[in-house]
Amino acid sequence: ERIALGIDLPELDTVPLWSVRRQDGSMSIPFIEFILGQIGDSLESFCGTVETAPPQAIEKLMEDRRAVAGMLEETAPAGEPLPLLPRLKDVFVPESLLERLYKADGMFEEIARRCVAVLIATREGPGH
């Protein structure tokens, strides 16, 4: 799937293999900080390239970008700054945060729907 999507980051193939769940429901997902950072950066880049999109749609996507950045801050272990490179240790993320991101109709699905809507609006142009 990663290759089909044109994502040239083979290290992401390890994510399902190295993910660990504790009894309290929290999970350690390899590269979670990198993944969230890339989603935020991609949203920012996307918003910068769709010049004819409705401004309110772009603002909503930028709100989503800020929400992802907030979740990125939540993933950092207490008192530790966000790393420049992936951590080489388990970083356990609360189940509630993961549910907000990944569950059906969660944040990632909503972001994808908004991006598709912006693309459709951009292709149709003003007045459609």
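1. Some remarks on the pattern of salt bridges
Taken as a whole and assessed by the stated rule, the structure comprises twelve salt bridges. Residue Arg100 is joined to Glu74 by a salt bridge in which the shortest nitrogen-to-oxygen separation is 3.0 Å. With Arg100 in helix α4 (residues 95-102) and Glu74 in helix α3 (residues 55-75), the pair connects residues that are 26 residues apart, well separated along the chain. Here Glu74 falls in the partly exposed class, since its relative accessible area comes to 43%. Between Asp105 and Arg113 there is a salt bridge whose closest N-O contact spans 3.6 Å. Owing to a relative accessible area of 55%, Asp105 belongs among the exposed residues under this scheme. Of the residues examined, Arg113 reaches a relative accessible area of 40% and is grouped as partly exposed.

2. Comments concerning the packing of aromatic side chains
Evaluation of the coordinates by the stated rule reveals one aromatic pair. Ring centres of Tyr102 and Phe108 lie 5.1 Å apart, and the angle between their planes is 75 degrees; this geometry places the pair in the edge-to-face category. Under the relative-accessibility criterion, Tyr102 is labelled partly exposed at 41%. Above the face of the Phe92 ring, Arg22 is positioned so that its terminal group lies 3.9 Å from the ring centre.

3. Structural notes on the packing of helix α2 (residues 32-49) against α3
Relative to each other, α2 and α3 sit at 165 degrees, their axes nearing to 9 Å. In terms of axis orientation, α2 runs roughly antiparallel to α3. Our pair here, α2 against α3, has a crossing hand that is left-handed. The residues of α3 that touch α2, namely those facing Ile32, Glu33, Leu36, Gly37, Ile39, Gly40, Asp41, Leu43, Glu44, Phe46 and Cys47, are Ile58, Leu61, Met62, Asp64, Arg65, Val68, Met71, Leu72 and Thr75.

4. Thoughts on the sheet that holds strand β1 (residues 20-21)
An order of β1-β2-β3 is seen for the three strands of this open sheet, with the pairing classed as antiparallel. Each edge of the open sheet is held by one strand with a lone partner, namely β1 and β3 (92-93). Pairing of β1 with strand β2 (residues 27-28) involves two bridges; the strand directions are antiparallel. Across the sheet, residue Arg21 finds its bridge partner in β2, namely Met27.

5. Quick look at the environment of Glu109
Along the polypeptide, Glu109 turns up in helix α5 (residues 107-124). Leave out the neighbours within four places in its chain, and Glu109 touches Lys103 and Ala104.

6. What to know about the confidence of the model for the protein chain
Caution is warranted with low-pLDDT regions, since their predicted coordinates should not be read in detail. Put simply, the protein chain has an average pLDDT of 85, and 97% of its residues get 70 or more. The lowest-confidence element of the protein chain is helix α1 (residues 15-18), averaging 76 in pLDDT; the highest-confidence one is α3, averaging 91.

7. Some remarks on the layout of surface pockets
Approximately 930 Å³ is the volume found for the largest pocket. Every residue lining the largest pocket is counted, 24 residues in all, and those nearest its centre are Leu5, Ile7, Leu12, Ile35 and Ile39. For the lining of the largest pocket, the secondary-structure elements that each account for two or more residues are α1, α2 and α5. Of the residues assigned to the lining of the largest pocket, the class counts are 18 nonpolar, three polar and three charged.

So, how was this worked out
Residues numbered from 1 in each chain as written. Predicted model: local features only at pLDDT ≥ 70, side-chain atom pairs only at ≥ 80, totals over all residues. Heavy atoms only, no water. Salt bridge = Lys/Arg side-chain N within 4 Å of Asp/Glu carboxyl O. Helix = DSSP H or I, 4+ residues; strand = E, 2+ residues; numbered from the N terminus. Buried < 20%, exposed > 50% of the residue type's maximum accessible area, 1.4 Å probe, protein only. Phe/Tyr/Trp six-rings, centres within 6.5 Å; stacked < 30°, edge-to-face > 60°. Lys NZ or Arg CZ within 6 Å of the ring centre and 35° of its normal. Axes fitted to C-alpha atoms, helices over the stretch in contact; angles between N-to-C directions. Parallel < 35°, antiparallel > 145°, perpendicular 65-115°, else oblique. Left-handed = near helix turned anticlockwise from the far one by under 90°. Contact = heavy atoms within 4.5 Å. Pairing = 2+ DSSP bridges. pLDDT = per-residue confidence, 0-100. 1 Å grid on protein atoms, 1.4 Å probe; cavity = no way out; pocket = protein on both sides within 12 Å on 5 of 7 lines; lining within 4 Å. Points joined across faces, edges and corners; volume = space filled by probe spheres on them. Nonpolar A, V, L, I, M, F, W, Y, C, P; charged D, E, K, R; others polar.

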